[in-house]
Amino acid sequence: MAKITLDLVGPVTVRGPDGADLTPGSMKARGLLASLGTSRHMRMNRSKLQDRLWSASPPEQGGNSLRQCLTEIRRSFGIHRDALQSSGGLAWLDPDLIDVVLRPVEADQIGASEFAEDLDIRDPEFEDWLRQARLQFTSQQTTAPPNLGSEIVLDDVPVPVFIIAPTATGRPELDAMSDMVVRDGAQQAAEFLSALIYDEAQYTGTTQQALRLSCKAIGFGDVLSMQVDVSHLATGRQIWGRSINIDASDAVDQRQKLSAELTLALLNYEFGAGGAHEDRASLRDIFSFEPDRLFRAERALRIDEGDPRSRATRLALRAFVHNTIYFERLTDDGQSLLDEATAFCREAYDLEPQNSVVLAVSSLLAFRTKQLELAFDLATQAVRANPANPLSRYSMASAYTGNGEHETAFQEAKLALSSPLTALNPAIWLMGCSVSAVRADRLEEALRYATTAHGYAPEFRPALRAMAALHFRNGDEEATVRALTRLQQLEPDFSLKLMATDSYPVPSLRAAGLLQVTTSGLI
């Protein structure tokens, strides 16, 4: 697509490739474009933009005004709306889609034109910035193009940066496969991190946090040998590496698995190791079910929410943790927890409405709170945004269940389970299959999935609940008692009477009429 042009010499104007006027109507929208267009890398923190244009407004009101302003600009850009991007606490102009004019293009304009001369925004922070920008513009009109504003330097923004190294084997098919391994792995990780991805030849930054991703491939007949490495760009220190031999007959599947391993390595590195560190949480903590790990994840995500690089996804993951805490009955006030999780999802969606993690978790919360049409719409968007994200498929399975399409829900749950990323905690995804199988009247399969989930996680309560109900249906009282006894140990207030109440979290078993165990008197 041809580029649009943002002209900051004289009045702020935006023109399409055909000369059409795409300039937004409001003064503050044009002021926002002037700010972005003169920042290094055309990128700014949203908080900085908010402070500059709405310094006198309360934070919540200023944030709402900024969101409305960004929406106005995108609407004015029409089919070129992607020239303005916003993600992870940042806003930027895409240099591949928009050019910025900062020098007079006609000789008679030199000395006669003022920078952004139509702007008159009554905000003291903006007025101070505009005064300095105009002085700098005037002093540089007859020399090199001005580098107005230095408030954003990419290297100072705490954004995960992935640099994709080139491949040059001399064999185009090997280069293409190597590039797909690295690029797919980086893009999947970026969904959780709001990371930036650059080709090495295009990257000019020097951030110490940038990671260099490389893949080398050598072919020997029908066998392909691949080596993937992750290292610090600045120091060359290796962070992670993986070597694999791929048979040509299974190349696509093995390539996808290698990409998934790279994704997991990047996620684990960026989220921290968890484990012994009280103030850090790994993704395995976030996708856990154990009380200590869940509450550690909650604390760590709460602390890290201020990090603009991934606020949206961290809010969404915190909502996911809240949902698990609710379903595991680890709180005395489940409704307040769900209300808070829903609020997290709303804010996350405002920040990154196209992020599949945000969309999927928002769908799961909408399903949990019985907003079934919203859940289906959000899940559909999540799958469209990233069909390879197991959370997208997991939310789609729940949404189909809410629509009564139980067989389709079961197939979606199996697609989620098939993702290599489910290694984060197989029990969760196995139980997704079990729940969907119950509603699809595939009860033997439901029991197998629940039993397998229990094997991975002996303290996973949803698996024990399903096992108790399904074993009782099959007449296996011994296995039923084992599951119920373990639930008593994990839930001090557990009883068959409690299990029969509407508030106990077994909605699929209840809907399928499988709670006869609650009248068994076995415990």
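In short, a report on the structure.

Calculation rules
Residues numbered from 1 in each chain as written. Predicted model: local features only at pLDDT ≥ 70, side-chain atom pairs only at ≥ 80, totals over all residues. Heavy atoms only, no water. Helix = DSSP H or I, 4+ residues; strand = E, 2+ residues; numbered from the N terminus. Buried < 20%, exposed > 50% of the residue type's maximum accessible area, 1.4 Å probe, protein only. Contact = heavy atoms within 4.5 Å. Areas by Shrake-Rupley, 256 points an atom, 1.4 Å probe, with all protein chains shown as cover. Axes fitted to C-alpha atoms, helices over the stretch in contact; angles between N-to-C directions. Parallel < 35°, antiparallel > 145°, perpendicular 65-115°, else oblique. Left-handed = near helix turned anticlockwise from the far one by under 90°. Nonpolar A, V, L, I, M, F, W, Y, C, P; charged D, E, K, R; others polar. Core = buried A, V, L, I, M, F, W, Y, C linked by side-chain atoms within 4.5 Å. Expected span 1.5 Å × (residues − 1). Pairing = 2+ DSSP bridges. Salt bridge = Lys/Arg side-chain N within 4 Å of Asp/Glu carboxyl O.

## Description of the overall build of the protein
Part 1 of the reasoning: Along the protein, the regular secondary structure elements total 20 helices and 11 strands.
Part 2 of the reasoning: Evaluated residue by residue, the protein yields a buried proportion of 52% over its 523 residues.
Part 3 of the reasoning: Sequence separation of at least 24 residues holds for 62% of the intrachain contacts in the protein that already meet a minimum separation of 6.
Part 4 of the reasoning: As presented, the protein carries roughly 22,900 Å² of accessible surface, and 48% of it is formed by carbon and sulfur atoms.

## Quick look at the packing of helix α13 (residues 390-402) against helix α15 (residues 426-439)
Part 1 of the reasoning: In the contact formed by α13 and α15, the axes pass within 11 Å of each other and the chain directions differ by 20°. Accordingly, the angle class assigned to the pair α13 and α15 is roughly parallel. As for the relative orientation of α13 and α15, their crossing is left-handed in sense. Note on element contacts: α15 touches α13 through Ile428, Trp429, Gly432, Ser436 and Arg439, opposite Pro390, Leu391, Tyr394, Ala397 and Thr401.
Part 2 of the reasoning: When its residues are assigned to classes, the contact of α13 with α15 shows six nonpolar, three polar and one charged.

## Digging into the nonpolar core
Part 1 of the reasoning: If you look at the biggest cluster of nonpolar residues, it comprises 107 residues, and the most contacted ones within it are Met226, Phe287 and Leu391.
Part 2 of the reasoning: It is helix α5 (residues 172-193) that provides the largest number of residues to this core, a total of nine residues.
Part 3 of the reasoning: Excluding anything up to four places from it in sequence, Leu391 contacts Phe192, Phe287, Phe320, Val357, Ala360, Val361, Leu364 and Trp429.

## Topic: the side chain of Glu328
Part 1 of the reasoning: One can find Glu328 in the loop between α9 (311-327) and α10 (334-351).
Part 2 of the reasoning: Residues contacting Glu328, with those up to four places away along its chain left out, are Phe289, Glu459, Phe460, Arg461, Pro462 and Arg465.

## Considering helix α12 (residues 372-385)
Part 1 of the reasoning: The end-to-end C-alpha distance of α12, which contains 14 residues, comes to 20 Å, matching closely the 20 Å that a straight helix rising 1.5 Å per residue would cover.
Part 2 of the reasoning: By the burial criterion, the buried members of α12 are Ala375, Leu378, Ala379, Gln381, Ala382 and Val383.
Part 3 of the reasoning: Of the surrounding elements, those touching the buried residues of α12 are α10, α11 (356-368) and α13.

## Brief notes about the environment of Leu338
Part 1 of the reasoning: Examined against the element boundaries, Leu338 turns out to sit in helix α10.
Part 2 of the reasoning: Of the residues examined, Leu338 reaches a relative accessible area of 3% and is grouped as buried.
Part 3 of the reasoning: Along the backbone, Leu338 and Ile325 are 13 residues apart, and their C-alpha atoms lie at a distance of 9.6 Å.
Part 4 of the reasoning: Once residues within four sequence positions are removed from consideration, Leu338 is found in contact with Asn323, Tyr326, Leu365 and Arg368.

## Focus on the packing of α15 against helix α16 (residues 443-456)
Part 1 of the reasoning: Between α15 and α16, whose axes approach to 8 Å, the crossing angle comes to 165°. As the angle between them shows, α15 and α16 are arranged roughly antiparallel. Note that α15 runs across α16; the crossing there is left-handed. Within the contact between the two elements, α15 uses Pro426, Ala427, Leu430, Met431, Cys433, Ser434, Ala437 and Val438 and α16 uses Leu443, Glu445, Ala446, Tyr449, Ala450, Thr452, Ala453 and Tyr456.
Part 2 of the reasoning: Taken together, the residues of the contact of α15 with α16 break down into 13 nonpolar, two polar and one charged.

## As for the sheet that holds strand β6 (residues 98-101)
Part 1 of the reasoning: Taking strand neighbours across the sheet as the criterion, the three strands line up as β2-β1-β6 in an open arrangement whose pairing is mixed. Only two strands of the sheet have a single partner each, and these edge strands are β2 (13-15) and β6. Each strand axis lies, on average, 20° off the axis of its neighbour in the sheet, ignoring direction.
Part 2 of the reasoning: In the sheet, strand β1 (residues 4-7) pairs with β2 via three bridges, with the strands oriented antiparallel.

## Some words on unusual backbone geometry
Part 1 of the reasoning: In this structure, Ala116 takes a positive phi of about 45° despite not being glycine.
Part 2 of the reasoning: For Ala116, a relative accessible area of 0% gives the class buried.
Part 3 of the reasoning: Unlike most non-glycine residues, Asp441 shows phi in positive territory, near 60°.
Part 4 of the reasoning: Within the element layout of this structure, Asp441 appears in the loop between α15 and α16.
Part 5 of the reasoning: Accessibility expressed as a relative area gives 58% for Asp441, which makes it exposed.

## Concerning the pattern of salt bridges
When charged atoms on two side chains of opposite charge get close, those side chains can pair.
Part 1 of the reasoning: This model, assessed by the stated rule, comprises 28 salt bridges.
Part 2 of the reasoning: A salt bridge links Arg242 to Glu261, with the nearest nitrogen and oxygen atoms 2.5 Å apart. Of this pair, Arg242 sits in strand β11 (residues 238-247) while Glu261 sits in helix α6 (residues 251-271), and the two are 19 residues apart along the sequence.
Part 3 of the reasoning: Residue classification places Glu261 among the partly exposed positions, given a relative accessible area of 27%.
Part 4 of the reasoning: In the salt-bridge network here, residues are joined through shared partners; they are Arg329, Arg465, Glu491 and Asp493.

## Considerations on the environment of Met396
Part 1 of the reasoning: Along the polypeptide, Met396 turns up in helix α13.
Part 2 of the reasoning: Those residues in contact with Met396, other than ones at most four positions away along the chain, are Phe376, Ala379, Thr380, Val383 and Glu412.

Limitation: the analysis is restricted to geometry and does not speak to function.
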